[in-house]
Amino acid sequence: QVQLVESGGGLVQAGGSLRLSCAASGSIFGIDAMGWFRQAPGNPRELVARVRSSGSTSYRDSVKGRFTISRDNAKNTVYLQMSSLKPEDTAVYYCNALINLANYWGQGTQVTVSS
């Protein structure tokens, strides 16, 4: 079994920064990709950023230049550094990982950006 534990959400003013962390633990034989999704009330869950085992990254257009995803392979941990936050970034952020060819989700962490 694999668990994803997230941390780092909270309340921040527009223009501020937050860093999210997600640590994977359990029976891990290989991590193909790790990433972050978010879901605001009334909206579908959307991909924010992803980092693959190759190290390649991808971002949704609205966060490019503001968010940076990184990964510590030794710790099976992925980070999302969020800067220049906007009220429209407010959502529950979910860690996602493709591990051992299976898809896993974290419990979600709330990010609220006040104007």
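Look up a bit, the structure's there.
Caption draft 1: Spotlight on the packing of aromatic side chains. Inspection of the entire model under this criterion finds 1 aromatic pair. One Lys or Arg, Arg 45, reaches over the ring of Trp 105 and ends 4.7 Å from the middle of that ring.

Caption draft 2: Fine view of the nonpolar core. Ranked by internal contacts, the top residues of the largest apolar core, which has 27 residues, are Trp 36, Leu 80, Met 82 and Tyr 93. Going through the elements one at a time, β1 (2–7), β3 (18–26), β4 (31–39), β5 (46–52), β7 (67–72), β8 (77–82), β9 (91–99) and β11 (109–114) are the ones with two or more residues in this core.

Caption draft 3: Focus on the side chain of Asp 89. Assignment of secondary structure puts Asp 89 in the loop between β8 and β9. A polar contact is formed between the side chain of Asp 89 and the side chain of Arg 66, at a distance of 2.8 Å. Side-chain polar atoms of Asp 89 contact the backbone nitrogen of Lys 86, separated by 2.8 Å. Excluding residues within four positions of it along the chain, Asp 89 makes contact with Arg 38, Arg 66, Phe 67, Ser 84, Val 111 and Val 113.

Caption draft 4: Broad picture of the state of the cysteines. Summed over the entire model, instances satisfying the criterion amount to 1 disulfide. With its sulfur 2.0 Å from that of its partner, Cys 22 forms a disulfide with Cys 95. With the S-S bond torsion at -80°, the cross-link from Cys 22 to Cys 95 turns out left-handed. Of the two residues, Cys 22 is situated in strand β3 and Cys 95 in strand β9; the sequence distance between them amounts to 73 residues. Note on Cys 22: relative accessible area 0%, which makes it buried.

Caption draft 5: View of the environment of Asn 100. Counting through the fold element by element, Asn 100 comes out in the loop between β9 and β10 (102–105). Ignoring anything within four residues of it in the chain, the contact list for Asn 100 reads Val 2, Ser 27, Ile 28, Phe 29 and Gly 30. A distance of 2.8 Å separates a polar side-chain atom of Asn 100 from the backbone oxygen of Ser 27. Within the structure, Asn 100 has its side chain in polar contact with the backbone nitrogen of Phe 29 (distance 2.8 Å).

Caption draft 6: View of the sheet that holds β3. One open sheet accounts for 4 strands, arranged β1-β3-β8-β7; its pairing is antiparallel. Edge positions in the sheet fall to β1 and β7, since each has one partner strand and no second. Direction aside, the axes of adjacent strands within the sheet are offset by 15° on average.

Conventions and cut-offs
Residues numbered from 1 in each chain as written. Predicted model: local features only at pLDDT ≥ 70, side-chain atom pairs only at ≥ 80, totals over all residues. Heavy atoms only, no water. Phe/Tyr/Trp six-rings, centres within 6.5 Å; stacked < 30°, edge-to-face > 60°. Lys NZ or Arg CZ within 6 Å of the ring centre and 35° of its normal. Core = buried A, V, L, I, M, F, W, Y, C linked by side-chain atoms within 4.5 Å. Buried < 20%, exposed > 50% of the residue type's maximum accessible area, 1.4 Å probe, protein only. Helix = DSSP H or I, 4+ residues; strand = E, 2+ residues; numbered from the N terminus. Polar contact = N/O pair within 3.5 Å; in protein donor to acceptor, adjacent residues only side chain to side chain. Contact = heavy atoms within 4.5 Å. Disulfide = S-S within 2.5 Å. Pairing = 2+ DSSP bridges. Axes fitted to C-alpha atoms, helices over the stretch in contact; angles between N-to-C directions.

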